[in-house]
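# Overview (structure and organization)
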Amino acid sequence: MDVMRIEGGNALRGRVRTGGAKNAVLPIFAATLLTDEPVVIQRVPDLSDIRFMADLLRELGAEVTDQGGGTWRIHAREVGHVAPYELVRKMRASVCLLGPLVGRCRQAKVSLPGGCVIGPRPIDLHLKGLERLGCRNSIRRGYVEVNASGLAGNHLYLGGRHGPTVTGTANIVMAAVLAPGVTRIESAACEPEVVDLCRLLQAMGADIEGVGSHYLKITGVDRLHGCEHTVLPDRIEAGTLLLAGAITGGEVTVEGVVPGHMRALLDKMEEARIAVEADPDAGTITVHGSREERRAVEVITLPHPGFPTDLQAQMLATLALTSGISIITERIYPNRFMHVPELLRMGADISMEGPSAVVNGRPALYGAPVMASDLRASAALVLAGLAAEGETWVQRIYHLDRGYERLESKLATLGAKIERLPDSEMPSEFKEE
Ligand code: EPZ
């Protein structure tokens, strides 16, 4: 396994380009199963999760080709309907195969997704939506089995205890586009990644109204055709890179972004007196200013357009070096705070009060060996290492590779002293027991 070694203290400076959005590509790849014609997807990031989804589609019978340069061609002439346990259990997002298999095959057998460190990750809303579309679901030996012979459009409500469900909305939309009749989804997720999926489906011939709102109206069609689609920029990677500039007190411009997808983050950065300039025409956002000017803020994660839970850990790390008391409340995944114990090892002053982290900003953090636990917690630890005094070793960075393409080289181009090493290079006293 690899580790990341970071020599902190450099203010990052320069320009860096963000890639395509992982959380759009995963349902979009699944959606290609809805047609027997080829679909070409561009601006696909080179990530382990994407390669994994490609293997799953191959397992289901699709011809999947990485044409290089971020372009993939997927042709699902024939499709099986069983997504095997040994593959699905490794990536929760595989659950978004349910919708397209129901739409294309009128049946599906997909392993129940495992939980993960950020929470139990239930799919009750996915199954409720499918039932409303006339599906008969059963849970057997770790699989969810769906009989969709009676698939038909209907009116359904998808809100849950934590608000809308992103992949749940994706699944129901993908099941409904080929369902006879009209489907109305209330409390649909409206994350930009869901919008991008709908845009792909419309390009394939689907009839979807209300895209970008919490209310979608889908009129089923008989079949969908192939198309070409360029994935939207990754707002979470872009936010992570901006916060890397902020936490080190540097000046960083992120290119190839849609500022309109990031309003909650930009608004919160401004409230914290982190200077940001967005240029929607140029597709850039620049962050600058020293850490001393900052002030503590309250952050509450919410469904889009609220503050994204996927940037909570990175914002918390930034606030750990912002004088004053900040309060970060996680409303989407209440225990998504695995980064906190590791930040404490670096000298942060954080206490937990239920779903909130109370952060007393410190003048400095100190490098230490830390352990990544999940994708975004890993990013938070890298950001803290960039700003800390001394050397930080981040272990288990395979978590990072799931959602960030070559993060260390992007940060190095901005002046970070960061390198990926085999874990054998770690000082022995830091090695995992
Ligand atoms: C998507 O996960 C993203 N993943 C997550 O990003 C992101 O954190 C999350 O949306 C919220 O924005 C992908 O798109 C692949 P949800 P998803 O269903 O769809 C509860 C990352 O770091 N819920 O919107 O699985 C659920 O437990 C990842 O890139 C139910 O109760 O999230 C959570 O508390 C992490 N029942 C909340 O809703 C359900 O049936 C939101 O979950 C479904 C969800």
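Rules of the game
- Residues numbered from 1 in each chain as written.
- Predicted model: local features only at pLDDT ≥ 70, side-chain atom pairs only at ≥ 80, totals over all residues.
- Heavy atoms only, no water.
- Core = buried A, V, L, I, M, F, W, Y, C linked by side-chain atoms within 4.5 Å.
- Buried < 20%, exposed > 50% of the residue type's maximum accessible area, 1.4 Å probe, protein only.
- Helix = DSSP H or I, 4+ residues; strand = E, 2+ residues; numbered from the N terminus.
- Contact = heavy atoms within 4.5 Å.
- Axes fitted to C-alpha atoms, helices over the stretch in contact; angles between N-to-C directions.
- Parallel < 35°, antiparallel > 145°, perpendicular 65-115°, else oblique.
- Left-handed = near helix turned anticlockwise from the far one by under 90°.
- Nonpolar A, V, L, I, M, F, W, Y, C, P; charged D, E, K, R; others polar.
- 1 Å grid on protein atoms, 1.4 Å probe; cavity = no way out; pocket = protein on both sides within 12 Å on 5 of 7 lines; lining within 4 Å.
- Points joined across faces, edges and corners; volume = space filled by probe spheres on them.
- Domains from an automatic or database assignment.
- Phe/Tyr/Trp six-rings, centres within 6.5 Å; stacked < 30°, edge-to-face > 60°.
- Lys NZ or Arg CZ within 6 Å of the ring centre and 35° of its normal.
- Lys, Arg positive; Asp, Glu negative; His and termini not counted.
- Salt bridge = Lys/Arg side-chain N within 4 Å of Asp/Glu carboxyl O.
- Polar contact = N/O pair within 3.5 Å; in protein donor to acceptor, adjacent residues only side chain to side chain.
- Near = heavy atom within 4 Å.
- Areas by Shrake-Rupley, 256 points an atom, 1.4 Å probe, with all protein chains shown as cover.
- Buried area = accessible area lost by both parts, 1.4 Å probe.
- Pairing = 2+ DSSP bridges.
- Right-handed = clockwise from strand over helix to strand, strands pointing away.

## Points about the nonpolar core
Across soluble globular proteins, nonpolar side chains have a tendency to be buried as a group. Among the nonpolar cores identified, the biggest contains 78 residues, and Phe29, Leu97, Val177 and Leu201 are the most heavily contacted of them. The element best represented in this core is helix 1 (residues 22-31), accounting for 7 residues. Residue contacts for Phe29: discarding those within four places in its chain leaves Ile41, Val44, Ile50, Met53, Ala54, Leu57, Trp72 and Ile74. Core analysis: the second largest hydrophobic core is formed by 68 residues, Met4, Leu242, Ala264 and Met315 among them.

## Considering the packing of helix 8 (residues 235-247) against helix 9 (residues 263-271)
Closest axis-to-axis distance for the helix 8/helix 9 pair is 11 Å, and the angle between their directions is 10 degrees. Classed by the angle they form, the pair helix 8 and helix 9 counts as roughly parallel. Like other packed secondary-structure pairs, helix 8 and helix 9 cross with a definite hand, here right-handed. Every residue of helix 9 that contacts helix 8 at Gly239, Leu242, Leu243 and Ala246 is listed here: Leu265, Leu266 and Met269. Of the residues contributing to the contact of helix 8 with helix 9, the split by class is 6 nonpolar, 1 polar and no charged.

## Side note on empty space enclosed by the protein
In this structure the tally under the stated criterion is 1 cavity of 30 Å³ or more. Every residue along the wall of the largest cavity is listed here: Gly19, Gly20, Lys22, Pro45, Leu47, Asp234, Glu237, Gly403, Tyr404, Glu405 and Lys410. Among the residues forming the lining of the largest cavity, the class breakdown is 3 nonpolar, 3 polar and 5 charged. The residue makeup of the lining of the largest cavity includes at least three contributed by each of domain 1 (2-19 + 233-430) and domain 2 (22-230).

## Concerning the packing of aromatic side chains
Summed over all chains, the structure comprises 1 aromatic pair. Between Lys109 and the ring centre of Tyr143, over which it is positioned, the NZ or CZ distance is 4.8 Å.

## What about the side chain of Arg92?
Among the structural elements, Arg92 can be located in the loop between helix 3 (85-88) and helix 4 (98-105). Buried charged residue Arg92 carries no salt bridge. Nearest counter-charge: Asp124, at 8.7 Å. In terms of polar contacts, Arg92 uses its side chain to reach the backbone carbonyl oxygen of Arg121, at 3.3 Å.

## A few points about the site of the ligand
Inspection of the region around the ligand gives 23 residues, with Arg92, Thr165, Thr167, Asp310 and Ile332 positioned closest. In this structure, Asp124 approaches the ligand through a side-chain N or O atom, which is 2.7 Å from a nitrogen atom. Between an oxygen atom of the ligand and a side-chain N or O atom of Arg376, the distance comes to 2.8 Å. Within the complex, 91% of the 830 Å² of free accessible area of the ligand lies under protein. If you tally residues by element for the shell around the ligand, the top one is helix 5 (residues 124-132), at 3 residues. The class makeup of the residues in the shell around the ligand is 10 nonpolar, 6 polar and 7 charged. Two domains each donate at least three residues to the shell around the ligand, and these are domain 1 (2-19 + 233-430) and domain 2 (22-230).

## Overview of the domain arrangement of the chain
You can read the domains of the chain as domain 1 (2-19 + 233-430) and domain 2 (22-230). Domain 1 and domain 2 are separated by 30 Å when their C-alpha centres are compared. At the interface, 24 residues of domain 1 touch 21 residues of domain 2. Summed over both sides, the interface of domain 1 with domain 2 buries roughly 1900 Å², with 53% coming from carbon and sulfur. Looking at the side of domain 1 facing domain 2, the largest losses of area belong to His304, Arg402 and Glu405, adding up to 30% of the total buried there.

## What to know about the sheet that holds strand 10 (residues 155-157)
Reading across the sheet, the 4 strands line up as 10-11-13-12 and stay open at both edges, with mixed pairing between neighbours. A strand with exactly one partner marks an edge of an open sheet, and here the two such strands are strand 10 and strand 12 (207-209). Averaged over all adjacent pairs, the angle separating strand axes in this sheet is 15 degrees, with direction ignored. Relative to strand 11 (residues 182-186), strand 10 runs parallel, the two sharing 3 bridges. Along strand 11, the bridge assignment pairs His155 with Arg184.

## A few points about the pairing of strand 19 (residues 325-330)
Two strands pair when backbone bridges link them, and strand 18 (residues 298-301) and strand 19 are joined in this way by 4 bridges, in the parallel orientation. Note that in strand 19 the partner of Val299 across the bridge is Ile328. Handedness of the crossover joining strand 18 and strand 19 through helix 10 (residues 312-319): right-handed. Inspection of the sheet shows strand 19 paired to strand 21 (residues 356-360) by 5 bridges, in the antiparallel sense. Note on strand 21: the bridge partner recorded for Ile325 is Asn360.

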